[in-house]
Amino acid sequence: MKIFTLLRVSGRRRGAWLHDGVRRLVTSASALKVCVVGGGPAGFYTAQGLIKARQDMEVDIYERLPVPFGLVRFGVAPDHPEVKNVISTFTQTAQHTRCSFYGSVNVGQDVTVEELQHAYHAVVLSYGAEGNRRMGVPGEDLAGVYSAKDFVGWYNGLPANSQLSPNLDSDTAVILGHGNVALDVARLLLSPVDILKKTDITQNALDALAESRVRRVLLVGRRGPIQVACSVKELREMVNLPGTRPEMVTAEFEGVAEALKEVPRPRKRLTELMLKTALETPGEKEQERRRKATRVWCLRFFRSPLAVLPSPDDPNRVASIRLAVNRLEGSGEGARAVPTGEVEDVNCGLIITSIGYKSLPIDSSVPFDPRKAIVPNSMGRVQQAAGLYCSGWLKTGPTGVIATTMNNSFDTARTLLEDIDSGTLDVSAAKSGSQGIGALFEKRGVKPVTFSDWEKIDKEETKRGQAKGKPREKLLDVEEMLRVART
Ligand code: FAD
Ligand code: NAP
């Protein structure tokens, strides 16, 4: 019945996006209809968990951008292509007969969450964390200060950041934060362009990095070596980065070796690598490599941002950062940074704040905890909102690698399935799903991008990349993406 309807609809060229629905073979008025908001890892893993569990389940994924995969496309560093292999699993999910992808749909603007709830038995919010934490210090908005979110978006071709054009004319860059994003940014700033040009980094970022005058990158953290948030693999990449040498402040490692016995296993390996890098004299070969290095990086500890200070020549530009010197209260991972009263100014023409992402509310009808910046939930059930669920960074806050996001998304799928089984989620009435929403879109002139439309964009990007010896050259402009998708 639905197959017929969809064929008829697409035959009339009414909303070509419905055409993708033709692939659906098992679909009926009695199907369980769930939609997922956000086409990142959480969205795809939630959809996967649901369609695998029940043969009568149909899942539609609504994504704001015309392209899928969220931070796998726009966050993961271009020199980490192996991480992007998850895209093949997401593609299998999107091509499943009971799953559809609708890109270029901004939920909260093109359609409300309440409208989705009306059309589906359940709605899963998986729209990630698109904001960033701010330092909350004077001078934060001066020219030359960027959030890691924007900087990463720039080199990864996120349309909103593609014109960022960061000023890389300064010798010294300060990155605030000791997480993996901070290390990604430091590595990208210091990597030889010959390495980067074989990745899917955007051409404009590659050109800017080729001209960059940044020679020194300080990664500044508010706590000590035992509290860093990065992982050992990312630190090792930094240590081995061609053309660079580490320059640590040995005094900042006082007492760390002694504290190692108390430290859990993965952190122990990480700390040992830091200690070795900071304190040990390397072998001849490594010494030679370090002597030849033209670029320097350094992890600085026990320092919090107090103010970004302007240049005397240009009051709108950053010239230095004032840092409060801290000591630690307590021990281990939970130790707290407490200011000593001492301050230190560091000259730098570029500051990148990498102190975490942050989810934002997209629809006033959805409960949102502004303090934790998450949708308040219990095991993925949005509190006080029947039929509404959440997964991914929106559920947990902006931490966790893709595998963590996968597990928390499968958990949400399980919660939803349990609610169906227990009768907590009312699925007795038939729902209109994408057909109902399609009718709304038609009235509003919203034209979603299907997964096969995305495949045209993918093909075009791969073609442009091949011409340059890169895996892809990303399209940077939403209008251009839509043009390619609709040819
Ligand atoms: P996201 O990936 O952000 O996906 C959310 C999706 O929702 C996006 O596609 C967005 O466009 C969409 N959306 C937003 N608003 C709306 C709306 N209103 N309507 C519709 N759709 C909307 N993990 C690793 O394992 N390895 C790595 O190397 C790695 N590198 C990373 C690098 C960076 C810079 C960052 C920030 C994270 C990295 N991670 C990495 C972590 C990983 O990216 C996350 O665990 C994962 O992406 C979180 O998935 P998510 O779906 O919750 O959010
Ligand atoms: P993160 O791991 O939470 O690190 C945030 C850093 O910012 C911490 O060092 C934190 O210090 C610091 N910070 C927070 N608030 C601060 C403040 N007000 N002032 C000063 N410093 C502050 O976040 P992230 O680096 O954005 O990474 C997000 C997630 O993505 C992580 O789970 C990460 O592992 C993952 N990721 C993985 C990869 C990879 O696998 N290669 C790459 C990138 C990202 P405190 O510890 O003192 O709070």
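Moving on: the overall build of the protein chain. Scanning the protein chain from N- to C-terminus turns up 18 helices and 18 strands. Here the protein chain has a C-alpha radius of gyration of 24 Å; the compact-globule value for 487 residues is 23 Å, and the two agree. Viewed in the frame of its principal axes, the protein chain has a C-alpha envelope of about 75 × 50 × 45 Å. When the 487 residues of the protein chain are sorted by exposure, 54% land in the buried category. The long-range fraction of contacts in the protein chain, counting pairs at least 24 apart against all pairs at least 6 apart in sequence, stands at 75%. With an accessible surface of roughly 21700 Å², the protein chain has 52% of that area assigned to carbon and sulfur atoms. Separation of charge centres in the protein chain, based on 66 positive and 57 negative side chains, amounts to 3 Å.

A few words now on the sheet that holds strand β13 (residues 336-347). Reading across the sheet, the 3 strands line up as β11-β12-β13 and stay open at both edges, with antiparallel pairing between neighbours. Either end of the sheet is taken by a strand with one partner, and the two such strands are β11 (303-310) and β13. Taking the axes of each pair of neighbouring strands and ignoring which way they run, one obtains an average angle of 20° across the sheet. Where β11 and strand β12 (residues 318-329) come together, 7 bridges link them in antiparallel fashion. Counted as the bridge partner of Leu309 is Ser320 from β12.

Between helix α2 (residues 41-53) and helix α4 (residues 86-94), whose axes approach to 10 Å, the crossing angle comes to 50°. Taken together, the axes of α2 and α4 are oblique relative to one another. Here α2 and α4 pass one another in a crossing that is left-handed. Across from Pro41, Phe44, Tyr45, Ala47, Gln48 and Ile51 in α2, the residues of α4 making contact are Val86, Thr89, Phe90, Thr93 and Ala94. Looking at the contact of α2 with α4 residue by residue, the classes come out as 8 nonpolar, 3 polar and no charged.

What surrounds ligand 2 is a group of 19 residues, the closest being His178, Arg222, Arg223, Glu234 and Gly400. Contact between ligand 2 and His178: an oxygen atom at 3.0 Å from a main-chain N or O atom of the residue. Between Arg222 and ligand 2, the recorded distance is 2.8 Å, taken from a side-chain N or O atom to an oxygen atom. Burial of ligand 2 by the protein amounts to 79% of the accessible area it has alone, namely 920 Å². Sorting elements by how many residues they give to the shell around ligand 2 places helix α7 (residues 180-190) first, with 3 residues. Broken down by class, the residue content of the shell around ligand 2 amounts to 6 nonpolar, 8 polar and 5 charged. A domain split of the shell around ligand 2 shows at least three residues from each of domain 1 (5-130 + 359-449) and domain 2 (132-357).

What follows covers the confidence of the model for the protein chain. Mean pLDDT over the protein chain: 94, with 94% of residues reaching 70 or higher. Segment residues 1-19 is flagged for pLDDT under 50; beyond a separation of four residues in sequence, or across chains, it makes 24 contacts in the model.

This part takes up the domain arrangement of the protein chain. Each assigned domain of the protein chain is listed here: domain 1 (5-130 + 359-449) and domain 2 (132-357). In this structure, domain 1 and domain 2 have C-alpha centres spaced 35 Å apart. Taken together, the contacts link 16 residues of domain 1 with 19 residues of domain 2. Looking only at domain 1, the three residues that lose the most surface to domain 2 are Phe74, Pro78 and Asp79, adding up to 41% of its buried area. On the surface where domain 1 and domain 2 come into contact, there are 3 salt bridges. For Asp79, the salt bridge identified is with Arg187, shortest N-O distance 2.8 Å.

Taken together, the side chains of Arg236, Arg265, Arg269 and Lys276 present a region of like positive charge at the surface. When residues in the positive patch are grouped by element, the largest group, 3 residues, is from helix α12 (residues 265-279). Looking at the element boundaries, Arg236 is found in helix α10 (residues 232-239).

Moving on: the packing of aromatic side chains. The geometry of an aromatic ring pair comes down to the distance between the two centres and the angle between the two planes. Counted according to the given criterion, the structure contains 17 aromatic pairs. Three or more aromatic residues joined by ring pairs form one cluster here, namely Phe44, Tyr45, Phe69, Phe90, Phe101, Phe410, Phe451 and Trp454.

Here Gly179 lies in the loop between β7 (172-176) and α7. Sequence separation of Gly179 and Ile226 is 47 residues, and the distance between their C-alpha atoms is 13 Å.

What follows concerns the site of ligand 1. Around ligand 1, the structure places 32 residues, and the nearest of them are Glu63, Trp393, Gly400, Ile402 and Thr405. Take Leu71: an N or O atom from its main chain is 2.9 Å from an oxygen atom of ligand 1. At 3.2 Å from a nitrogen atom of ligand 1 is found a side-chain nitrogen or oxygen belonging to Asn106. Its free accessible area being 1000 Å², ligand 1 has 93% of it covered by the protein chains. Split by residue class, the shell around ligand 1 holds 17 nonpolar, 11 polar and 4 charged. Mapping the shell around ligand 1 onto the domain boundaries places at least three of its residues in each of domain 1 (5-130 + 359-449) and domain 2 (132-357).

Procedures and definitions
- Residues numbered from 1 in each chain as written.
- Chains lettered and ligands numbered in written order.
- Predicted model: local features only at pLDDT ≥ 70, side-chain atom pairs only at ≥ 80, totals over all residues.
- Heavy atoms only, no water.
- Helix = DSSP H or I, 4+ residues; strand = E, 2+ residues; numbered from the N terminus.
- Rg over C-alpha atoms; globule rule 2.2 N^0.38 Å.
- Buried < 20%, exposed > 50% of the residue type's maximum accessible area, 1.4 Å probe, protein only.
- Contact = heavy atoms within 4.5 Å.
- Areas by Shrake-Rupley, 256 points an atom, 1.4 Å probe, with all protein chains shown as cover.
- Lys, Arg positive; Asp, Glu negative; His and termini not counted.
- Charge placed at Lys NZ, Arg CZ, Asp CG, Glu CD.
- Pairing = 2+ DSSP bridges.
- Axes fitted to C-alpha atoms, helices over the stretch in contact; angles between N-to-C directions.
- Parallel < 35°, antiparallel > 145°, perpendicular 65-115°, else oblique.
- Left-handed = near helix turned anticlockwise from the far one by under 90°.
- Nonpolar A, V, L, I, M, F, W, Y, C, P; charged D, E, K, R; others polar.
- Near = heavy atom within 4 Å.
- Polar contact = N/O pair within 3.5 Å; in protein donor to acceptor, adjacent residues only side chain to side chain.
- Domains from an automatic or database assignment.
- pLDDT = per-residue confidence, 0-100.
- Buried area = accessible area lost by both parts, 1.4 Å probe.
- Salt bridge = Lys/Arg side-chain N within 4 Å of Asp/Glu carboxyl O.
- Patch = residues over 30% accessible without salt bridge, like charges linked within 9 Å, V, L, I, M, F, W, Y side chains within 5 Å.
- Phe/Tyr/Trp six-rings, centres within 6.5 Å; stacked < 30°, edge-to-face > 60°.

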